[in-house]
Amino acid sequence: MNPIALIWLQFALCAGLIGFAGVRLSRYGDAIATHTGLSRNWVGLILLATVTSLPELVTGLSAVTLAAAPDIAVGDVLGSCAFNLVILALVDIFYRNNSLYQQVGQGHVVSAGFGVILLAGAALAVLLGAQGMMPAIGHVSMASVLLLGIYLVAMRTLYVIEQRHQGHTEATQRPDMTLKTALMGYGLASMVIVGAGIWLPMVGVELARLMGWSNSFVGTLFIAFATSVPELATTWGAVRIGALDMAVGNLLGSNLFDVLILAIDDVAYVKGAIYAQVSLVHAATAITACLMSGIVIVSLASRPTWRVAHVASWSSLALLALYLLNAAIQYWQA
């Protein structure tokens, strides 16, 4: 078989495995929410967001240790953050009952706000790291320590908010599986995602070599798409069962955890601070994702009702436009 066709087949297989496992996660997550009494928002923010971000975590660790490709690791994380917000726009477009931003709770504003802070911090880390202006502790950048601190503050704040509104969670239907079945299925689906995530960066490096593209371009667009398939699948699954808050919580929570993965990758990359070893074009992706998160905050606060040409709200179209602009920037730098 032609080497290029073979590598694309491997890429499609990785994405397919991750997607299949991701679809199952939404059902198991909803069942766990009902059995435990947790809100769908909290399940989406913590349970689903953590597991659907496992491909980014495993891919990043594999990229910086086995494949020696930090650009793929950073591009995957930041590209996934931007793609997750595109998924939010697509949900708004295809969810015809009403505007998505009207149907979900305004508590998501907090998680989106912390996403802005973390993404802006990541952009600053890349810019300052390239200039050698970011201090480090050994081989670990101080930026990673700050990102970890912000993430912990975000989780603590969101937990307090969840506890405050625990009595106002939406009613859920009786689950069609036992808690034991849901937990076992959750674990098996997670294992499939981890296995595919280990394989994916190897495929990405070979894809970049055969196509003549840069690792940053492949990581930001193609690897980020593949590792975001769980978010896409679980979000669609959550929307189908009417769990809109779980869907939005999954996407925004994934972005928080994805930026934390940068810090984890930095620790694993023993050749030095990872931000000083990657292309400056990653800062453009981080800033784009930051702008997109800002649009989500405005939309959740203002709750737009009208659709442009009866297709989508202005905010969803703006999210798509910003993502395409960043894709063009990445292509020009490839």
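Remember, it's a predicted structure, so these values are computed and weren't measured experimentally. (Residues numbered from 1 in each chain as written. Predicted model: local features only at pLDDT ≥ 70, side-chain atom pairs only at ≥ 80, totals over all residues. Heavy atoms only, no water.)

## Concerning the nonpolar core
The test is simple: Here, the term nonpolar core denotes a set of buried Ala, Val, Leu, Ile, Met, Phe, Trp, Tyr and Cys residues that are joined through side-chain atoms within 4.5 Å. Note on exposure labels: buried denotes an accessible area under 20% of the residue type's maximum, exposed denotes more than 50%, and partly exposed covers the range between, all computed with a 1.4 Å probe on protein chains only. Numbering of helices and strands runs from the N terminus; a helix is a DSSP stretch of H or I covering at least four residues, while a strand is a stretch of E covering at least two. Should any heavy atoms of two residues lie within 4.5 Å, those residues are counted as being in contact.
Counting residues in hydrophobic clusters, the biggest one holds 95 residues, and the most contacted among them are L78, Y275, M292 and V296. Examining the composition of this core, we find that 14 residues originate from one element, helix 4 (residues 70–94), more than from any other. In this view, V296 contacts L85, L88, A112, L252 and L319; residues no more than four positions away in its chain are not counted.

## Brief notes about the side chain of T227
Cut-off, in case you're wondering: Whenever a nitrogen or oxygen atom comes within 3.5 Å of another N or O atom, the pair is scored as a polar contact, on the condition that within protein one atom can donate a hydrogen and the other can accept it, and that pairs from neighbouring residues in sequence are kept only if both atoms are in side chains.
Within the element layout of this structure, T227 appears in helix 9 (residues 215–227). Among the polar contacts made by the side chain of T227, one reaches the side chain of D76 at a distance of 2.6 Å. With near-sequence residues (within four places) excluded, T227 lies in contact with T52, P55, E56, T59, D76, S80 and L200.

## A look at the packing of helix 10 (residues 229–240) against helix 11 (residues 244–268)
In plain terms, the rule: Note on method: axes are straight lines fitted to C-alpha atoms, helices fitted across the in-contact stretch only, with angles between N-to-C directions ranging 0 to 180 degrees. Oblique is the label for every angle not falling under 35 degrees (roughly parallel), over 145 degrees (roughly antiparallel), or within 65 to 115 degrees (roughly perpendicular). Crossings are sorted by hand: turned counterclockwise from the far helix by less than a right angle, the near helix makes the crossing left-handed, and turned clockwise it makes it right-handed. Here the term charged refers only to Asp, Glu, Lys and Arg, the term nonpolar to Ala, Val, Leu, Ile, Met, Phe, Trp, Tyr, Cys and Pro, and the term polar to all other amino acids, Gly among them.
Where helix 10 meets helix 11, the axes come as close as 7 Å, and the angle between the chain directions of the two elements is 160°. With respect to helix 11, the axis of helix 10 lies roughly antiparallel. Note that helix 10 runs across helix 11; the crossing there is left-handed. Contact residues: E231, T234, T235, A238 and V239 in helix 10; L244, M246, A247, N250, L251 and S254 in helix 11. Residue composition of the contact of helix 10 with helix 11, by class: 6 nonpolar, 4 polar and 1 charged.

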